[in-house]
Amino acid sequence: MAETALDREFLWNLLENIPAMIWVTDADHGCIHVNRATLAFTGRTLEQMLHGGWRETIHPDDLVPLDASIAAHHQDHTPLRAEIRNRRRDGEYRWMQVHGQPLFDPDGTYRGTIGLSLDITDAKRHEHELARMVTHDKLTGLPNRALMESLIEAAVDSARGDGRKLPVLTFGVDRFQTINETQGHGAGDALLAEVGRRIGLIRHGHEVAGHLSGNRFVMIGEAGVSTENAYRTAGRLLDLCRVPFRLNDVPHELSASIGISIFPDDGHEPGELMRAAEAALQTAKQLGGNHFAFFDRDLHGNAKNRFDLETDLRRAIPAGELVLHFQPKVSLPDYRLVGFEALVRWQHPERGMLPPVTFVNLAEEAGLIGPLTRWVFEAVGRQQREWIDAGLVPVPIAVNVSPREFLGDLLEEHLAAYKQYDLPDGLMEIEITESTMIDDFDRVCRIVQTLTDAGIKVAMDDFGTGYSSLANLNRLPISTLKIDRAFTKDVDWDRASRAVASAIISLAAELGLDVVAEGVETREQLNVLRTLKCTVVQGFLTGRPVPADEAVDLLRHPSPIPTARALIEAARAQ
């Protein structure tokens, strides 16, 4: 008996002094002992750990799976294995690998379990870092080519199941090799890292971007029923590179080229789509850079097309080939017409009606954006005057203005082209994007105040893309916030999108601003926005862009507008 007592004392001292965390439970799952290492780790007393007290040190998210493992262990008397997070005495949760071994009497009766908990936090962190090194680019922190191909494959599968179109965009900074040669490879690496950082700021919704290699990035755009999302994503990427980069402490104005492929039009596999986007990127580069191009053999088949299109555009403005279409803005809940957004179209004599994405970037690159913007301002003023002289009650018309034109020296000339028609205040609204404010906020404030004093409203388009701070917004004398379509698109099913939309609507109400939700395409989106107390919507559901002669019908029947009658009848039938 003396030997047995001595052996037990030796084993007990051994258990107490082992630096690893040791614990013992009885047959009813209650903790009956933990050693000194466990108490030192948790900062708790033995009494606090006994019975069920140890559960207070386990991360709440790990309790359910741990209980399931314990239940299986006690039922089958098999070894216990689990990975959980345990709270250390300083409050930090550490990953633990738990090993438990059942204990039996000589007659085979189960008496409890003795276990060991090993801290594997550093090992898991190292494992995560290794996995990230395999799937992410070290310079930019973005997913690498291998991961992007897998993500494109998953996005294609999702789009295929929903019958949607999926854009894939490849892009790179123009004249990057020259930057490396003149500024050094360190500056080139810093530039790529900054591009990666800015991509993180302008990504919308489910968009994912990666760094393929060198000066080549790729982005998976938002899937949709049309290619409209691709246009907007490309525009944001071009704006991203137009903001000056600091290289060797000197600001440099750069540009980018973008190639776009569309699933399923241009391919069904990641490799096909990326090759098509790369081919389109080369077309964009051949067009002179600062441009995006779709994989379209008819329109972007060779570099000569760029010069032909530019030549035609120089002729189009004086030849009267540009026309305005007007998309209605509709109030809720009465579906009353409260405004239009003017969208320029090019009635090309050979190519047919071209949307603005086909030529606006080319106009900016070719130095034609000034004449184009001035034409739009003059055309809006002329159209408003015609409607007023015809006895119609006008509504405000919104015009998109690029950051370069808004901050440039010609804005006053553009306004003069509009004001020559002697129109009442409040009939024009200028829409600017958040990227306009990224470089010189104080100057933007002064310009907006000057416009407001002159009776011109200013709206913040695509609000929520990440450039604005609430402090700046409070200082900016704008009249309207437009909820970006990335949030409108998923507002009927995605909690995050709904929360952002709700926050923007509430913010606008607190600041006394109007709020417009753009890109409304379904009744479900409309119903959610109405519930969130959104006051104005714009999108294909309530009205597509129409030429002036069709817009007249909306002005003659503004409440409710004819395009909303089906929505009203459907609501009454419910």
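Residues numbered from 1 in each chain as written. Predicted model: local features only at pLDDT ≥ 70, side-chain atom pairs only at ≥ 80, totals over all residues. Heavy atoms only, no water.

### Digging into the sheet that holds strand E8 (residues 216–220)
Within the open sheet, the five strands sit side by side as E7-E8-E6-E11-E12. Their pairing is mixed. For this open sheet the edge positions go to strand E7 (208–213) and strand E12 (291–294), each flanked by a neighbour on one side alone. Across the sheet, the axes of successive neighbouring strands diverge by a mean angle of 20°, strand direction being ignored. Taken together, the eight bridges between strand E6 (residues 166–173) and strand E11 (residues 256–263) define a ladder with antiparallel strand orientation. Bridged to Val173 within E11 is Ala256. Those strands touched by helix H6 (residues 145–162) are E6, E7, E8 and E11, and its axis lies near 140° from that of E7. Packed onto the sheet, helix H9 (residues 228–242) meets E6, E8, E11 and E12 and runs at close to 160° relative to E11. (Pairing = 2+ DSSP bridges. Helix = DSSP H or I, 4+ residues; strand = E, 2+ residues; numbered from the N terminus. Axes fitted to C-alpha atoms, helices over the stretch in contact; angles between N-to-C directions. Contact = heavy atoms within 4.5 Å.)

### A closer look at the nonpolar core
Residues Phe340, Trp387 and Phe406 are the most contacted members of the largest nonpolar core, which totals 85 residues. Looking at this core element by element, the count peaks at eight residues for helix H13 (residues 369–389). Counting 30 residues, the second largest nonpolar core, distinct from the first, contains Phe171, Phe217, Phe292 and Phe294. (Core = buried A, V, L, I, M, F, W, Y, C linked by side-chain atoms within 4.5 Å. Buried < 20%, exposed > 50% of the residue type's maximum accessible area, 1.4 Å probe, protein only.)

### Considerations on the packing of H6 against helix H10 (residues 270–286)
At a minimum axis separation of 9 Å, H6 and H10 run at an interaxial angle of 110°. Taken together, the axes of H6 and H10 are roughly perpendicular relative to one another. Touching Arg145, Glu149, Ile152, Glu153 and Val156 of H6 are Pro270, Leu273 and Met274, all from H10. Residue classes in the contact of H6 with H10 are distributed as five nonpolar, no polar and three charged. (Parallel < 35°, antiparallel > 145°, perpendicular 65-115°, else oblique. Nonpolar A, V, L, I, M, F, W, Y, C, P; charged D, E, K, R; others polar.)

### Observations concerning the environment of Gly267
Mapped onto the secondary structure, Gly267 falls in the loop between E11 and H10. Given the relative accessible area of 4%, Gly267 is considered buried. Linking Gly267 and Leu240, residues 27 residues apart in sequence, is a C-alpha distance of 28 Å. Those residues in contact with Gly267 that sit more than four places away from it in its chain are Ile262, Glu272 and Leu273.

### Considerations on the environment of Gly370
Within the secondary structure, Gly370 sits in helix H13. With a relative accessible area of 6%, Gly370 lands in the buried category. The spacing of Gly370 and Ala284 is 86 residues in sequence and 22 Å in space, taken between C-alpha atoms. Residue contacts for Gly370: discarding those within four places in its chain leaves Glu405, Leu410 and His414.

### Section: the pairing of strand E17 (residues 428–433)
Sheet faces and side chains relate simply in a regular strand, where the side chains alternate between the two faces. The buried fraction of E17 amounts to five of the six residues, a majority that puts the element mostly inside the structure. Here strand E16 (residues 397–400) runs beside E17; their pairing, made up of four bridges, is parallel. Of the residues in E17, the one forming a bridge with Asn400 is Glu431. Judged from the five bridges that link them, E17 and strand E18 (residues 457–463) form a sheet pairing that is parallel. Bridged to Ile430 within E18 is Val458.

### Some remarks on the packing of aromatic side chains
Applying the stated rule across the entire model yields nine aromatic pairs. Ring geometry for Phe171 against Phe217: centres 5.4 Å apart, planes inclined by 15°, an arrangement best described as stacked. Of this pair, Phe171 sits in strand E6 while Phe217 sits in strand E8, and the two are 46 residues apart along the sequence. Neither Phe171 nor Phe217 differs from the other in exposure class; each is buried. Among the aromatic side chains, those forming a connected cluster through ring pairs are Tyr231, Phe292 and Phe294. Cation over ring: Arg198 sits above Phe245, and NZ or CZ is 3.8 Å from the ring centre. (Phe/Tyr/Trp six-rings, centres within 6.5 Å; stacked < 30°, edge-to-face > 60°. Lys NZ or Arg CZ within 6 Å of the ring centre and 35° of its normal.)

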